[in-house]
Amino acid sequence: MAHAAENSEVTPAILHEVKPASLPRAVLVENNRSFAWITEKICSIIEGKTPTWWWVCFILACCVASFTVAGIVYLVATGVGVWGHANPVNWAWDIVNFVFWIGIGHAGTLISAILCLLRQKWRTSINRAAEAMTIFAVVCAGIFPVFHVGRVWYAFYLFPIPNSNVIWQNFRSPLEWDVFAVSTYGTVSVLFWYVGLIPDLAVLRDRFEAAGNKLRATLYGLFAMGWRGSNRHWSNYEMAYLVLAGISTPLVLSVHTIVSFDFAVSLLPGWHTTIFPPYFVAGAIFSGFGMVLTLMLPLRAIYGLEDLITQYHIDCMCKITLATGTIVGYAYGMEFFIAWYGANPNEGFAFVNRAFGHYAWAYWIMISCNVITPQFFWFKSVRNNTSFVWILSIFVNVGMWFERFVIIVTSLARDFLPSSWGYYSPSIVEIFTFFGTFGVFSVLFLLFIRFLPIMPMAELKAVTPQADVHGGDHH
Amino acid sequence: MATSPYGLIATFDTAPEIYQAAQKVRDAGYKNWDCITPFPVHGLDGAMGLGRSLVPRISLVGGIIGFCTGMSMIFWTGAVDYKLIVGGKPFFSPMFAFPVSYELTILFTAFATIGGMFFLNGLPMHYHPVLKYKDIKRGMDDTFFIVIEARDPRFNLANTKALLEQAGGKAITELEA
């Protein structure tokens, strides 16, 4: 505003009347908390005694996870036939679950990378947990295709490693692209998460050392790499973080694009559509934000993090869920339009069959959860009601699972020739394996909240008003 | 020489204080000095006179290597080492090689970025004279420090101490080497 004052002679008179609107900046850390309060709040979660609820949840999660272990052991010992796949539905729950979990991961990368590039500072309090969610979701996702290959001990054939057959991978196949996309995604997500953790691990190292806990001080210290808060380091660190955010943005978009290529590059009616890449990416972000809300709202309540995950944060997350959910709803409509407009009878049948065929129940669950649920987020009173938001987030998770089910199973069950039609139902082994992945995810997430800082302390401190070297005088 | 200190350390309580002080130390012409802050203080790089970080150049090299690795791997495996006809498609085309090369570009950029950051920062370094200072742990929490090293050509115990005092530094202490 200084410019306007200096050039007052040359500015038209009318501008003298115009006063700059003073838009208050959203408060990201409420109650004007100090730096030390933030450190204490986050570290106390790790340093305190393990709460009883944690043990209860952990044991429960281990029990649930054992279903996946049992399902996989049985599959490896017996063969892939223990799953319900049969002609013509040779891709079913395994790929549904794979796409479901990968999609969940995408919100974590969106929050950590895209919102970082867009300078959305509200991301700071949720990005650590969301990135953890990404990594654990990728772990759960990876289980399914790896075991679907059948002889899992040959799973390394997916990678171009010289083998005794001297044959190489078929790089013309989108499935091979997917191998690279998902493994790159997993690796880069872990690296990005780890880089973000380094300064906070150094804080924990120092605190455990001061508390006389040698073992944990050594372990945290080892991974903190000797971080000492030097500004010469911060300078490179911030640039590295920015570059990682810059490359993770095209990464997250490309991963779900390539996942959608698995379908779109085929010739099957209902799969062979060009709308798939953007539609899958929007759906992934939608489901991921559903999961972020599902995880963060209980954490916020349990640990009393209301000053760090404020109502403003919940509002932002709800609005992104609303926006992406509406994009998904638009894509559902557009698919139908193109099926009609394209005048291909097979394509038209595939979509009518989705909505009114044998799997109509799945289709309408999908529509209600994905198109209707997010519309509640238009209302401020809904966004302010944390329990209701949490319930809606569960519906989003359910709906997005059904979306993948509808896309994959209905298209395969009714393809070109009526003679090859079929109806797919999952076997109990598949159901157990999928059910168990929620346990696997929860075990990992519980370990994360127990042993690692659930919020990036350094980043939180940097968005507080007292971190501003100009004393809040923004230009 | 054995008794010469590593440098001088001064404490600052707030972000604006260290920002002002860093400008004074920079303007006094010091080169071998550093700020210790619990979080990246916005604008402090400029106040310290630091140039743009070199990390992106290393990232770029990583990205180029990644892209070339992807393209050449797919060319060599599919069109040179073991030609296999699949669906009448060409043995090599940059079109189908692109998704994998794209992912490898990102993967190698990530490795180069993180490796480059560690290399430029001289990390991991699990020992540093600064870490011996009794209050340094607060530099991870809510306190800010300026460290001026004795190897700086302008370093002079009395003058440097005076500069730090004049810049508002508290508890100015000699660090042992």
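Residues numbered from 1 in each chain as written. Chains lettered and ligands numbered in written order. Predicted model: local features only at pLDDT ≥ 70, side-chain atom pairs only at ≥ 80, totals over all residues. Heavy atoms only, no water.

Caption draft 1: Structural detail: the overall build of chain B. Across its full length, chain B holds five helices and four strands. From first element to last, N terminus to C terminus, chain B shows the α and β order β-α-β-α-α-α-β-α-β. Its C-alpha atoms give chain B a radius of gyration of 25 Å, clearly above 16 Å, the size a compact globule of 177 residues would have. On the principal axes, the C-alpha backbone points of chain B span a range of 80 × 35 × 30 Å. A total of 177 residues make up chain B; the buried ones form 49% of that total. Sequence-distant contacts, at least 24 apart, represent 77% of the contacts inside chain B between residues at least 6 apart. A total accessible area of about 8,600 Å² is found for chain B, and carbon and sulfur atoms account for 62% of it. Counting 15 positive and 15 negative side-chain charges, chain B places the centres of these two groups 6 Å from one another. (Helix = DSSP H or I, 4+ residues; strand = E, 2+ residues; numbered from the N terminus. Rg over C-alpha atoms; globule rule 2.2 N^0.38 Å. Buried < 20%, exposed > 50% of the residue type's maximum accessible area, 1.4 Å probe, protein only. Contact = heavy atoms within 4.5 Å. Areas by Shrake-Rupley, 256 points an atom, 1.4 Å probe, with all protein chains shown as cover. Lys, Arg positive; Asp, Glu negative; His and termini not counted. Charge placed at Lys NZ, Arg CZ, Asp CG, Glu CD.)

Caption draft 2: The packing of aromatic side chains, seen in detail. Residue and element names in this part refer to chain A. Enumeration according to the criterion identifies 67 aromatic pairs over all chains in this entry. Ring geometry for Phe136 versus Trp193: centroids 6.3 Å apart, planes at 80 degrees, classification edge-to-face. Placement of the pair is Phe136 in helix α5 (residues 124-148) and Trp193 in helix α6 (residues 174-210), with a sequence separation of 57 residues. Comparing Phe136 with Trp193 shows no difference in burial state: the two are buried. Judged by centre distance (6.1 Å) and plane angle (65 degrees), the rings of Phe336 and Tyr363 are edge-to-face. Separated by 27 residues along the polypeptide, Phe336 in helix α10 (residues 311-341) and Tyr363 in helix α12 (residues 360-372) bring together distant segments of the chain. (Phe/Tyr/Trp six-rings, centres within 6.5 Å; stacked < 30°, edge-to-face > 60°.)

Caption draft 3: Examining the domain arrangement of chain B more closely. You can read the domains of chain B as domain 1 (7-51 + 126-175) and domain 2 (55-121). Using only C-alpha atoms to locate each centre, domain 1 of chain B and domain 2 of chain B end up separated by 43 Å. (Domains from an automatic or database assignment.)

Caption draft 4: Summary view of the packing of α10 of chain A against helix α14 (residues 386-413) of chain A. All names here are of chain A. Where α10 contacts α14, the axes come no closer than 12 Å and their chain directions differ by 30 degrees. Classed by the angle they form, the pair α10 and α14 counts as roughly parallel. In this structure, α10 crosses over α14, and the sense of that crossing is left-handed. On the side of α10, the interface is formed by Ile314, Cys318, Thr321, Val328 and Tyr332, while α14 contributes Thr386, Val389, Val396 and Glu403. Of the residues that constitute the contact of α10 with α14, the class distribution is six nonpolar, two polar and one charged. (Axes fitted to C-alpha atoms, helices over the stretch in contact; angles between N-to-C directions. Parallel < 35°, antiparallel > 145°, perpendicular 65-115°, else oblique. Left-handed = near helix turned anticlockwise from the far one by under 90°. Nonpolar A, V, L, I, M, F, W, Y, C, P; charged D, E, K, R; others polar.)

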